[in-house]
Amino acid sequence: MPTLRLVILSAALLTASLAVAQTTYRWVDKDTGQTIFSDQPPPPGAKHVVTITAGERIDEQQLPYATRQAAEKFPVTLYTVATCVEECKQARDMLNRRGIPFSEKMLKSDEESAELSKILGSEAAVPSLIVGQQSIKGLESGAWNNLLDLAGYPKLAPYGARPSGVFAR
């Protein structure tokens, strides 16, 4: 019986320690100006404190600086339709692999398709990508990557990045 109690107590302590270790803090030290990462809360007076809980989605403030800058200057919109399955999935996956925050507009009416045609300057096709003021219709991974590189987006997603798009929720 004492062994069973010991096992239960050990399991409880392990569970409690894992729950505490799931929170990470990032802050800038007030004296040295260095960025500190720790599982302990920052001292009073720390600047730019960010708390990250395990399983939490990275929000705009937690994105890398270069990604935030690119997203601010050159927002990305992916245009799809409900009947576009495999090619649109490939487009979403490509953007998510790069860690690019994007909005997805699923076209549901002829008016929305006409609006996309006007933006593209030709007949609408899906998937289509708009990065800032530049647009590409159809999935052309080389052209898409080139446009995203020129906008300053990362080539790979940062650790812990969550997918964007219609089906990311």
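To be clear, the structure that these remarks concern was listed above.
Notes on unusual backbone geometry
Step number 1: Of note, the amide linkage connecting V126 to P127 takes the cis form, showing an omega dihedral of -5°.
Step number 2: Within the secondary structure, P127 is located in the loop between α4 (110–120) and β6 (128–131).

Observations concerning the state of the cysteines
Step number 1: Tallied over the entire structure, the rule returns one disulfide.
Step number 2: Disulfide pairing places C84 opposite C88 at an S-S distance of 1.9 Å. A torsion of 110° about the S-S bond marks the disulfide between C84 and C88 as right-handed.
Step number 3: According to the relative accessible area criterion, C84 is buried, its value standing at 13%.

Re helix α3 (residues 86–97)
Owing to its 3.6 residues per turn, the α-helix aligns residues three or four sequence positions apart on the same side.
Step number 1: Helix length check: α3 (twelve residues) gives 16 Å between terminal C-alpha atoms against 16 Å at 1.5 Å per residue, within 8%.
Step number 2: Regarding α3, the residues found buried are C88, A91, R92, M94, L95 and N96.
Step number 3: On its buried face, α3 sits against β4 (76–81), β5 (102–107), β6 and α5 (141–151).
Step number 4: At the exit of α3 stands G99, carrying a positive phi of roughly 75°.

Details of the pattern of salt bridges
Step number 1: Overall, the coordinates contain four salt bridges when judged by the stated rule.
Step number 2: When the shortest N-O distance is used, the salt bridge between K89 and D93 registers 2.7 Å. Here K89 and its partner D93 are both found in helix α3, four residues apart, which amounts to about one turn of the helix.
Step number 3: Relative accessible area serves as the criterion here: at 30%, D93 is assigned to the partly exposed category.

Details of the sheet that holds β5
Step number 1: Pairing is mixed across the open sheet formed by four strands, whose spatial order is β5-β4-β6-β7. What marks the edges here is a single partner per strand, and that holds for β5 and β7 (134–137). Each strand axis lies, on average, 20° off the axis of its neighbour in the sheet, ignoring direction.
Step number 2: Summarising the sheet, β6 and β7 pair through four bridges and their orientation is antiparallel.

Thoughts on the nonpolar core
Taken as a class, soluble globular proteins show a tendency for nonpolar side chains to be buried jointly.
Step number 1: With 18 residues, the main nonpolar core has V76, L95, V131, W144, L148 and Y153 as its most contacted residues.
Step number 2: Mapped onto this core, the elements with two or more residues apiece are α2 (65–73), β4, α3, β6 and α5.
Step number 3: Residues C84, L107, L120 and I130 belong to the second largest nonpolar core, which totals eight residues.

Details of the pairing of β4
Step number 1: Judged by how many residues are buried, β4 sits mostly within the fold: six of six residues are covered.
Step number 2: Of the two faces of β4, the one lined by V76, L78 and T80 and the one lined by T77, Y79 and V81 are each fully buried.
Step number 3: For β4 and β5, the ladder comprises six bridges, and the chain directions are parallel. Counterpart to L78 in the pairing with β5 is E104.
Step number 4: Considered for its hand, the β-α-β crossover made up of β4, α3 and β5 is right-handed.

As for the packing of α3 against α5
Step number 1: Between α3 and α5, whose axes approach to 12 Å, the crossing angle comes to 30°. For the pair α3 and α5, the crossing hand works out as right-handed. Contacts from A91, M94 and L95 in α3 reach S141, W144, N145 and L148 in α5.
Step number 2: Residues of the contact of α3 with α5, tallied by class, amount to five nonpolar, two polar and no charged.

Rules and cut-offs
- Residues numbered from 1 in each chain as written.
- Predicted model: local features only at pLDDT ≥ 70, side-chain atom pairs only at ≥ 80, totals over all residues.
- Heavy atoms only, no water.
- Helix = DSSP H or I, 4+ residues; strand = E, 2+ residues; numbered from the N terminus.
- Disulfide = S-S within 2.5 Å.
- Buried < 20%, exposed > 50% of the residue type's maximum accessible area, 1.4 Å probe, protein only.
- Expected span 1.5 Å × (residues − 1).
- Contact = heavy atoms within 4.5 Å.
- Salt bridge = Lys/Arg side-chain N within 4 Å of Asp/Glu carboxyl O.
- Pairing = 2+ DSSP bridges.
- Axes fitted to C-alpha atoms, helices over the stretch in contact; angles between N-to-C directions.
- Core = buried A, V, L, I, M, F, W, Y, C linked by side-chain atoms within 4.5 Å.
- Right-handed = clockwise from strand over helix to strand, strands pointing away.
- Left-handed = near helix turned anticlockwise from the far one by under 90°.
- Nonpolar A, V, L, I, M, F, W, Y, C, P; charged D, E, K, R; others polar.

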